[in-house]
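Take a look at the letters that make up each chain.
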Amino acid sequence: MASYVVVGTQWGDEGKGKIIDVLAHKADYVVRFQGGNNAGHTVVVDGEKFVLHLLPSGMLHGNGKCVIGPGVVIDPKVLLHELSTLEAKGAKVDHLFISDRAHLIMPYHVKLDIVKEEARGNNKIGTTKRGIGPCYADKIARCGIRAVDLLDMETFGKKLKINLDEKNELFTKIYNTEAMSYDEIMADFTEYSNLLKHRIADFIPEINEALDSGKIVMFEGAQAMMLDINFGTYPYVTSSSPTAGGVTTGVGVAPSKIDRVIGVMKAYTTRVGEGPFITELNDETGEKLRAIGSEFGATTGRPRRCGWLDGVVGKYAVIINGLTDVVVTKIDVLSGMDELKICVGYEIDGKVLTTIPAAIEMTEKAVPVYETLPGWSEDITGMREYDELPENCKKYVARMEEIIGCEITMISVGPDRTQNIFRKEF
Ligand code: GDP
Ligand code: IMO
Ligand code: MG
């Protein structure tokens, strides 16, 4: 097996960063395929914590190439800050490359994200305010500015002028806020161009040749299925396709080239931002999960909403992504709970559904149908073999597999690189 896709199966923050870091040690390439610095991927190495927003989570290995793919949206200022932070910690950074087709998050995208959220009032999405939605909107509207434009600042300037004139109209006439300065943006981006241009190129041929010659390529997803623009809880979603299909459109690699699709699934559920969350626990158990699981956003620091595992979401993720493997994370957080619940259906207007309704108005009135399983009390963070796990923990894993319809081939029992139980070779 040479190509692996790693995706989130819930509402993000499942531990994708950790899993990619663990699996990336033998990868020749780690490629991000969508999203931007709305992502916060945590990697813990020898007790030191790194949170990566735009940089692929394979960065800390330094042996393969890390590529920010065409489907990603890049805020160059954030990227440069991440690179210098990593370098200051002694990590190698010259193996980071940027696709010329990736779109740039411009300062007016960030400002638009903020003013649009304010204008939405009670209907706000709860975005990360990083300019993601407005940048993807311009991409689809065919007026975006791309990394390739940083290689020719004259063209860049022309595109900036057209875009900024329009955005400044919006700022001053619709949102009653100040216009932005062309000269300031131009000066900043001239500096970003000088600092980044040696990393920008077309990597589509190279990645495809690498796959054809049997090299190991990992595709790193950000966000997760329930935040997918097509399959998530629309409109409370992000503006990209974090599901496995996003690899083909976000990198330029055909579906036939993908060998293994790995879904990362937290043993319970969390969500940051607004929108429906059927198994949410607004009680002591939810608070316990947040405290023990340290469930605070890696990007915005917001407390994550917590709840029981949603098996309907899990099954949907297996189908939509065509998962070949599920990696369960943070199951150690469940130690010490008397009993555990898994949602196996949604009761809506007296009927039980086992699929995700399109209308959030339906989701909002759904009552979860739970199965209850016995808990375990042992600390499992030091266990490295499946057979060492408490019987009730193994029963929980086995029941998860039955409900979602996919094999759980790896279990993560702590944040560190070394805290894993492998049930299959990767
Ligand atoms: P990502 O966005 O999917 O990469 O996930 P985040 O990094 O935002 O959030 C996952 C958090 O859980 C991070 O703080 C990780 O260090 C931590 N983590 C990952 N796997 C495990 C695990 O198996 N057990 C525990 N206790 N923490 C984990
Ligand atoms: P990782 O990769 C969790 C959420 C935001 C908001 C919605 C839209 O770390 O799993 P956006 O800024 O993308 O327009 O916000 O999506 N969101 C995430 N939640 N983890 C993430 O990334 C997220 N990226 C975006 O909170 O609800
Ligand atoms: Mg995260």
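These lines cover the structure that appears in this document, whether it is placed above or below.

Rules used throughout
- Residues numbered from 1 in each chain as written.
- Chains lettered and ligands numbered in written order.
- Predicted model: local features only at pLDDT ≥ 70, side-chain atom pairs only at ≥ 80, totals over all residues.
- Heavy atoms only, no water.
- Donors = N, O, S within 2.8 Å, 3.2 Å for Na, K, Ca; no water.
- Helix = DSSP H or I, 4+ residues; strand = E, 2+ residues; numbered from the N terminus.
- Buried < 20%, exposed > 50% of the residue type's maximum accessible area, 1.4 Å probe, protein only.
- Near = heavy atom within 4 Å.
- Polar contact = N/O pair within 3.5 Å; in protein donor to acceptor, adjacent residues only side chain to side chain.
- Areas by Shrake-Rupley, 256 points an atom, 1.4 Å probe, with all protein chains shown as cover.
- Nonpolar A, V, L, I, M, F, W, Y, C, P; charged D, E, K, R; others polar.
- Phe/Tyr/Trp six-rings, centres within 6.5 Å; stacked < 30°, edge-to-face > 60°.
- Axes fitted to C-alpha atoms, helices over the stretch in contact; angles between N-to-C directions.
- Parallel < 35°, antiparallel > 145°, perpendicular 65-115°, else oblique.
- Left-handed = near helix turned anticlockwise from the far one by under 90°.
- Contact = heavy atoms within 4.5 Å.
- Core = buried A, V, L, I, M, F, W, Y, C linked by side-chain atoms within 4.5 Å.

### Structural notes on the coordination of the magnesium ion (ligand 3)
- At this site the magnesium ion (ligand 3) is bound by Asp13 (OD) and Gly40 (O), with donor distances of 2.1 to 2.2 Å. One end of the pair, Asp13, is in the loop between strand E1 (3–8) and helix H1 (16–23); the other, Gly40, is in the loop between strand E2 (29–32) and strand E3 (41–45), with 27 residues separating them in the sequence.
- Gly40 gets classed as buried once you look at its relative accessible area, which sits at 11%.

### Looking at the site of ligand 2
- In the vicinity of ligand 2 lie 20 residues, with Lys16, His41, Thr128, Gln223 and Thr238 positioned nearest.
- Arg302 is positioned with one of its side-chain polar atoms (N or O) 3.0 Å from an oxygen atom of ligand 2.
- Here ligand 2, which alone exposes 550 Å², has 97% of that area covered by the protein.
- Grouping the constituent residues of the shell around ligand 2 by class yields 7 nonpolar, 10 polar and 3 charged.

### Some details on the packing of aromatic side chains
- With the rule as written, the count across this model stands at 6 aromatic pairs.
- Relative to Phe203, the ring of Phe97 lies with its centre 5.5 Å away and its plane at 50°, an arrangement referred to as tilted. Of this pair, Phe97 sits in strand E7 (residues 96–99) while Phe203 sits in the loop between strand E9 (200–201) and helix H7 (204–212), and the two are 106 residues apart along the sequence. Each of the two residues, Phe97 as well as Phe203, counts as buried.

### Observations concerning the packing of helix H3 (residues 107–120) against helix H4 (residues 132–140)
- Where H3 contacts H4, the axes come no closer than 7 Å and their chain directions differ by 120°. Compared by their axis directions, H3 and H4 come out oblique. Crossing geometry of H3 relative to H4 is assigned as right-handed. Taking contact as the criterion, the partners of Tyr108, His109, Leu112 and Asp113 in H3 are, on H4, Ile132, Pro134, Cys135 and Asp138.
- Classifying every residue of the contact of H3 with H4 by side-chain character gives 5 nonpolar, 1 polar and 2 charged.

### Examining the nonpolar core
- By size, the foremost hydrophobic cluster in this structure holds 56 residues, and its most contacted members are Leu79 and Phe156.
- Those residues in contact with Phe156, other than ones at most four positions away along the chain, are Leu104, Met106, Ile145, Asp149, Leu150, Met186 and Phe189.
- Counting 54 residues, the second largest nonpolar core, distinct from the first, contains Val318, Tyr386, Val397 and Ile421.

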